[in-house]
Amino acid sequence: MSSSRIDVSIEHRDAPEPQGTKHPNTCPQCDSHYRDDELERTLWVCPHCGHHFPMKARARIASLVDEGSFVEEAADLRSEDPLGFFDLRPYTDRLAEAELKTGLGEAMVIGHATVDTTACEVSVMDFSFMGGSMGSVVGEKFSRACDSAAERGVPLVSVSASGGARMQEGILALMQLPKTVAAVEDLKDAGGALISVIAHPTTGGVLASFASLGDVVLAEPNALMSFAGPRVVQQTTREKLPDDFGRSESNYRFGHIDKVVPRSELRANVARLLRLLSKNGD
Amino acid sequence: MSSSRIDVSIEHRDAPEPQGTKHPNTCPQCDSHYRDDELERTLWVCPHCGHHFPMKARARIASLVDEGSFVEEAADLRSEDPLGFFDLRPYTDRLAEAELKTGLGEAMVIGHATVDTTACEVSVMDFSFMGGSMGSVVGEKFSRACDSAAERGVPLVSVSASGGARMQEGILALMQLPKTVAAVEDLKDAGGALISVIAHPTTGGVLASFASLGDVVLAEPNALMSFAGPRVVQQTTREKLPDDFGRSESNYRFGHIDKVVPRSELRANVARLLRLLSKNGD
Amino acid sequence: MATDHELRLRERLARLRSVNLLGGARLSAEVEKLQRQLERLAEETTDEDIWRAVELARHQDRPYTLDYVERLLDDWFELRGDRGRADDHAIVAGLGRFEGRTVALVGQQKGRDIKDRIDRNFGSAHPEGYRKAMRVMELANRHDFPLITLVDTPGAYPGVAAEQHGQGGAIARSHALMARLEIPTVACIIGEGGSGGASALALTDRVLMQENAIYSVISPEGCAAILWRDAGEAKKAAAAFKPDALHCLELGVVDGIVPEPEGGAHTDPDEAARLLGDAIRESLEELEPVPADELKRRRRARFRSLGVFA
Amino acid sequence: MATDHELRLRERLARLRSVNLLGGARLSAEVEKLQRQLERLAEETTDEDIWRAVELARHQDRPYTLDYVERLLDDWFELRGDRGRADDHAIVAGLGRFEGRTVALVGQQKGRDIKDRIDRNFGSAHPEGYRKAMRVMELANRHDFPLITLVDTPGAYPGVAAEQHGQGGAIARSHALMARLEIPTVACIIGEGGSGGASALALTDRVLMQENAIYSVISPEGCAAILWRDAGEAKKAAAAFKPDALHCLELGVVDGIVPEPEGGAHTDPDEAARLLGDAIRESLEELEPVPADELKRRRRARFRSLGVFA
Ligand SMILES: [Zn+2]
Ligand SMILES: [Zn+2]
């Protein structure tokens, strides 16, 4: 199973080069084209129509925390292949490919940092790593983030983006739901706070576990936030779905989130919440 | 204010004679006529159509508990008139009249008893005493019933029938909501249980306080159980109300009660719940 | 209207009563003396005074919950939704900093213009509003944030959907949760304290009431319609059931009266907020040193003592 | 199918593991020996065995939650409704006596005939079902009644209303509540343990699984549709993600396998209930002496230990 691991020192060498000279990003909402560096300047929000592109974990962290304050934790955790899972290709291949493509060891990055000088723990998911699916490593990293937050007496800021549990780890993937929830409860018992930020898309097992348990739940505009995806719902019920089915704005209307926050305002909102939720006197 | 009190020894002398030879009770559902003694034999349920007539507190207690087991508590509590309230008539007159008419000192009777040999506390409301309205004495009696249940380590069986808070006691009537709820919380903290039986009608402040807080909530068929009465709702919203607006069956469908129990089965259901909710080993 | 002298007297009495509640009988002689003066004054509250309070409590320019939030809290962050079905705009809830400490604040919110009023449902909450309130109270409890509630509602909404979604049960459970909280809690009736929909947010360690607020078991119009069979007799009904602050204080229903600027809170919202902030600060400072289980015990005992009977 | 010998072995192993969990390392040598034997046997579980379990777990005559309730509990009293919006018939909850003690029982319920199936929504609950479950769990917790859950669902319902009413949040909160309970809790997967809708009722001190039940992150058809792009490859998918009891035991996801009558639980529901009752009794007897906070600590530690990584 060591084939699933990529040495961290080579990950950036093998990662795709920044495509500075092309326009590889097409806005699905207004069809504008952008280079990566153009979107980086706007936090990956379409300057034309405001569409929020998915954001890579490291870019997200850079956009949220004070420069230079982030210290990564549990960076060397890697998935095993407990079932010897093989669909059209072996799970180990898929993992290796994901690591090469994203430069990440898994679909979540955790660590501690400060936001506007307030200390916090952060856990950030990356949808580009196997659809942000939650397997044993995501579960373990999130749980360690809870413990780290509890130990430091600081709130945990979670940014989720996930298609759900990782099928290739079978029942152990499902067990990451109770596992991460147990970790959140341990954090809350220690007086800790969880700020959950829902990015597009947050579905399935991640929504049905820690992402819904924030003391405060924020969401980015138009992010899909549903337990079942629209296609499954459509196929099961044969109903015509509402246009904004499962989107942030719909979830806001139905009482599931506290605020829809455009990415440009996310950092300020998180900073305010950290000030409020940090233990008085700390 | 002593004019509002009727000496207990004379209450039954002044109470109306049982009208054994007339047919004073008309079923509102099927228009059948019954003498009191006929309806007493059927627990005040119309033998023809099943309509549940309102039941007086003492008849209710007799129908629920083991014969001879009931020991009344706080029987001598009587209302004061804290506001010197006078609408078309003085509150004190209304109280005196209610006592004369019902033979009861207030709209609630409490005491301890056994049901199928299981010990419990009971509190039973009587709609015929000023519409079962809750003033200071109802609040105090219910609270004492909670304490008595807690001290004895037995569940409390509450039967409610009330038009709401008693306007004539003003803000103090409203304060019976937090008061009775605080008493229920004290009972629950002591490990006690509350079985709430909703009889027709249970509305307003009684529904918005202790009657809704049962560990288990039962209701009689077709009992009105709503915070606002149908007339107020109609006048406020100008909506056409559903036929079963606020009735037990509607509340059951909407998830607010555990079971609709015909009066003939109420005792057996309460007995079963008492067996389940009595502390193991007691 | 009460004179300045009366108000000072009542304020002082309210404060002494609070201290007394916490500190035993040490001040009872002074409390009794003031009480006697107060009783004499209370006799002088006329039916006109009461009706004036009803009108001021409902004045269209009266400051509402968010007007006070804006003036009293820093870093306000409104929390939305009941996590089940809806976000009820008739109740606002959120976190903010009150003089340095994080607090949770929950209150009914009326609308200022007609669109806003409809959006806020005139401050009449559905069960979803009480469920949002409960969620935020639980959050406060988990984090040891004090809870401030501002009560301003004609009553919980009487509608078909509200009944179907469990209005009575939601109000009962909001009371019950407040009886279980292990944090300092302060309520202030800032306008209309209408029925169970109001008391559902006011089962607190300290219950304050603004000078011109009303707190009542039913609206004057509702009472008149039932007892006089004529909603037009509202003034008569109000005079009979006495929803004004002085009578509520006299009956032990509220612990203190928060003065308003001359002419009512709407004449000077900044000053009204300052006076409200003072009263909340004093209450919190009294409550914060008390251990959580003791707070809860006293809070329940306070409400269990309410009522007059023989 | 496992042989009788294997089953006895596994049962014994499961029991020793439980004891071990409670009593420290004292039995670890024996556990290890059995574990080795088990591993050898597990290798022999064929894809056919797994598919047979999928078919038996979904067998139309398989006993459902209420079939076990009827056989195992006295004085059963079903509790209805979420106290907010509905009574979801896909989940049943109630109180009963299990061998003398009052317990709360919660489980998904499939329907037997077509009308019943529709009424039960094929055992697929809406958020309202999980909210009812939580309400009854809280009741059990308040009264120190042990909680038994029986898991049998293809998954939580994927519908528009279910999403609008917060399916994800309800499932998350049901997990969270179970992690907080201070009572002995035992779950048994008795048929289909489908995804988060199943684990939402199975965050318990002991997780048991019937011999022919399945427990999985997604249905075989769903997995096949996504990974093989062909729902017809369900058998292949099942073979790949191994939802059968033996594999769940091996991965530490379940603590014990509850044997079924030869041929499956449906061949003899009385016997199946007897065997299930034995397993629940043993689990409860192990758990009941453990202090509440210790139960909670161990329960969380158990789930926090699940996962394989390097
Ligand atoms: Zn665009
Ligand atoms: Zn009839």
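Just above, that's the structure.
Per chain, residue numbering runs from 1 following the sequence as it is written. Each chain takes a letter, starting from A, and each ligand takes a number, starting from 1, following the order in which they are written. Local features in this predicted model are restricted to residues whose pLDDT is 70 or higher, and side-chain atom pairs enter the listing and the counts only when it is 80 or higher, whereas totals over whole chains, interfaces and linings include all residues. Side-chain descriptors were evaluated using all non-hydrogen atoms of the structure, hydrogens and water having been removed beforehand.

## Some remarks on the overall build of chain A
Formally: Here a strand is any run of E in DSSP of at least two residues, a helix any run of H or I of at least four, and the numbering for each starts at the N terminus. Each radius of gyration is computed over the set of C-alpha atoms, and the globule rule expresses the reference value as 2.2 Å times the number of residues to the power 0.38. Accessibility here uses a 1.4 Å probe with only protein chains present; expressed as a share of the type maximum, an area under 20% marks a residue as buried, one over 50% as exposed, and anything in between as partly exposed. Between two residues, a contact is recorded if the distance between any of their heavy atoms is within 4.5 Å. Only the protein chains shown count as covering a residue, and every accessible area follows the Shrake-Rupley method with a 1.4 Å probe. Only four residue types enter the charge count, namely Lys and Arg as positive and Asp and Glu as negative; His and the chain termini do not. To locate a charge, the coordinates of NZ of Lys, CZ of Arg, CG of Asp or CD of Glu are taken.
Counting its regular elements, chain A contains eleven helices and ten strands. Computed over the C-alpha atoms, the radius of gyration of chain A is 18 Å, within 12% of the 19 Å expected from 2.2 N^0.38 for a compact globule of 282 residues. Expressed as lengths along the three principal axes of its C-alpha atoms, the size of chain A is roughly 55 × 45 × 45 Å. Every one of the 282 residues in chain A was classed for burial, and the buried ones make up 61%. Of all intrachain contacts in chain A linking residues separated by at least 6 positions in sequence, the fraction that spans at least 24 positions is 68%. Within the structure as shown, chain A displays about 10,500 Å² of accessible surface, and the carbon and sulfur contribution to it stands at 50%. Computed over 29 positive and 40 negative side-chain charges, the separation of the two mean positions in chain A equals 4 Å.

## Points about the interface of chain D and chain C
Stated formally: Computed with a 1.4 Å rolling probe, the buried area is the accessible surface lost when two parts are put together, summed over both parts. By definition, a salt bridge exists where a carboxyl oxygen of Asp or Glu is found within 4 Å of a side-chain nitrogen of Lys or Arg. Under the rule applied, a polar contact is a pair of N or O atoms within 3.5 Å (in protein, one hydrogen donor and one hydrogen acceptor; residues adjacent in sequence only if both atoms are side-chain atoms). Polarity classes work like this: nonpolar for Ala, Val, Leu, Ile, Met, Phe, Trp, Tyr, Cys and Pro, charged for Asp, Glu, Lys and Arg, and polar for all others, with Gly in that last group.
Taken together, the contacts link seven residues of chain D with seven residues of chain C. Of the roughly 570 Å² buried where chain D meets chain C, counting both sides, 35% is carbon and sulfur surface. Per-residue buried area on chain D facing chain C is highest for Arg83, Gly84 and Arg85 of chain D; these three make up 58% of the total on that side. Along the contact surface separating chain D from chain C lie zero salt bridges. Linking chain D with chain C are two residue pairs in polar contact (both at pLDDT 80 or more), by the criterion used here. In the side of chain D that touches chain C, the residues fall into no nonpolar, three polar and four charged.

## Observations regarding the packing of helix α3 (residues 57–64) of chain B against helix α11 (residues 263–277) of chain B
Residues and elements named next belong to chain B. This is how the line gets drawn: For helices, the fitted axis covers only the stretch in contact; all axes are lines through C-alpha atoms, and the angles between them, taken along N-to-C directions, range from 0 to 180 degrees. In what follows, roughly perpendicular refers to angles from 65 to 115 degrees, roughly parallel to angles under 35, roughly antiparallel to angles over 145, and oblique to any angle outside these ranges.
At their nearest, the axes of α3 and α11 sit 9 Å apart, and the two run at 55° to each other. Overall, the two elements α3 and α11 adopt an arrangement that is oblique. Between α3 and α11, the contacting residues are Arg60, Ala62, Ser63 and Leu64 on the first element and Arg263, Leu266, Arg267 and Val270 on the second. Within the contact of α3 with α11, the residues separate by chemical class into four nonpolar, one polar and three charged.

## Points about the pattern of salt bridges
Tallied over the entire structure, the rule returns 104 salt bridges over all chains. Measuring nitrogen to oxygen at the nearest pair gives 3.9 Å for the salt bridge that ties aspartate 37 of chain A to arginine 41 of chain A. Here the residue aspartate 37 of chain A and the residue arginine 41 of chain A both occupy positions in helix α2 (residues 36–41), the gap between them amounting to four residues, near one helical turn. Of the charged contacts in the structure, one is a salt bridge between glutamate 233 of chain D and lysine 236 of chain D, with a shortest N-O distance of 3.5 Å. Residue glutamate 233 of chain D is classed as partly exposed on the basis of its relative accessible area, which comes to 24%.

## Brief notes about the coordination of the zinc ion (ligand 2)
Tetrahedral coordination by four donors sets the ideal angle at the metal to 109.5 degrees; octahedral coordination by six donors sets it to 90 or 180 degrees. All names here are of chain B. The cut-off we apply is this: The donor set comprises N, O and S atoms within 2.8 Å of the metal, extended to 3.2 Å for Na, K and Ca; water molecules are omitted, so apparent gaps in a site may simply reflect that omission. When four donors show all angles between 85 and 135 degrees the site is tetrahedral, when four or six donors have opposite pairs over 155 degrees and all other angles between 65 and 115 it is square planar or octahedral respectively, and in every other case it is irregular.
Surrounding the zinc ion (ligand 2) are the protein donor atoms Cys27 (SG), Cys30 (SG), Cys46 (SG) and Cys49 (SG), at 2.2 to 2.3 Å. Taken together, the four donor atoms coordinating the zinc ion (ligand 2) and their angles of 103 to 116° define a geometry best described as tetrahedral. Going along the chain, you hit the donors of the zinc ion (ligand 2) in the pattern C-x2-C-x15-C-x2-C. Its relative accessible area of 2% is what places cysteine 46 among the buried residues.

## Re the interface of chain D and chain A
Chain D puts 48 residues into the contact, and the matching count from chain A is 54 residues. Roughly 4,400 Å² of surface becomes buried between chain D and chain A when both sides are summed, with 70% attributable to carbon and sulfur atoms. Counting every contact that joins chain D to chain A gives five salt bridges. Among the salt bridges present, the one from arginine 300 of chain D reaches aspartate 186 of chain A, with a minimum N-O distance of 2.8 Å. Elements with a minimum of two residues in the side of chain D that touches chain A: α7 (160–164), α8 (167–180), α9 (196–199), β7 (214–216), α10 (220–228), α11 (234–241) and α14 (292–304) of chain D. The dominant element in the side of chain D that touches chain A, judged by the number of residues it contributes, is α8 of chain D, at ten residues.

## Here's the deal with the relation of the copies chain D and chain C
In plain terms, the rule: When the copies are superposed, the least-squares fit draws on C-alpha atoms of residues that have pLDDT of at least 70 in both.
With an RMSD of 0.0 Å, the fit of chain D onto chain C corresponds to turning through 180° and sliding 0.0 Å along the axis. Here the copies are linked by what is in effect a two-fold axis. Comparing interface residues between copies, 100% of those in chain D also lie at the interface in chain C; the contact surface is shared.

## Describing the coordination of the zinc ion (ligand 1)
Residue and element names in this part refer to chain A. Within the protein, the zinc ion (ligand 1) binds to Cys27 (SG), Cys30 (SG), Cys46 (SG) and Cys49 (SG); these donor distances fall in the range 2.2 to 2.3 Å. Along the chain, the residues that donate to the zinc ion (ligand 1) are spaced as C-x2-C-x15-C-x2-C. Highlighted residues: cysteine 27 in the loop between β1 (25–26) and β2 (33–34) and cysteine 49 in the loop between α2 and α3 (57–64), separated in sequence by 22 residues. For cysteine 49, a relative accessible area of 29% gives the class partly exposed.

## What about the pairing of strand β5 (residues 118–125) of chain B?
All names here are of chain B. Going by this rule: Paired strands, as defined in this entry, are two strands with at least two bridges between them according to DSSP.
Of all the eight residues making up β5, seven are buried; the element is thus mostly covered by neighbouring parts of the structure. Inspection of the sheet shows strand β4 (residues 108–115) paired to β5 by eight bridges, in the antiparallel sense. Each residue of the ladder has a partner; that of methionine 108, found in β5, is methionine 125. Linking two consecutive strands that pair antiparallel, namely β4 and β5, is a turn of two residues; a positive phi of about 50° is found at aspartate 116 within it. For β5 and strand β6 (residues 156–162), the ladder comprises four bridges, and the chain directions are parallel.

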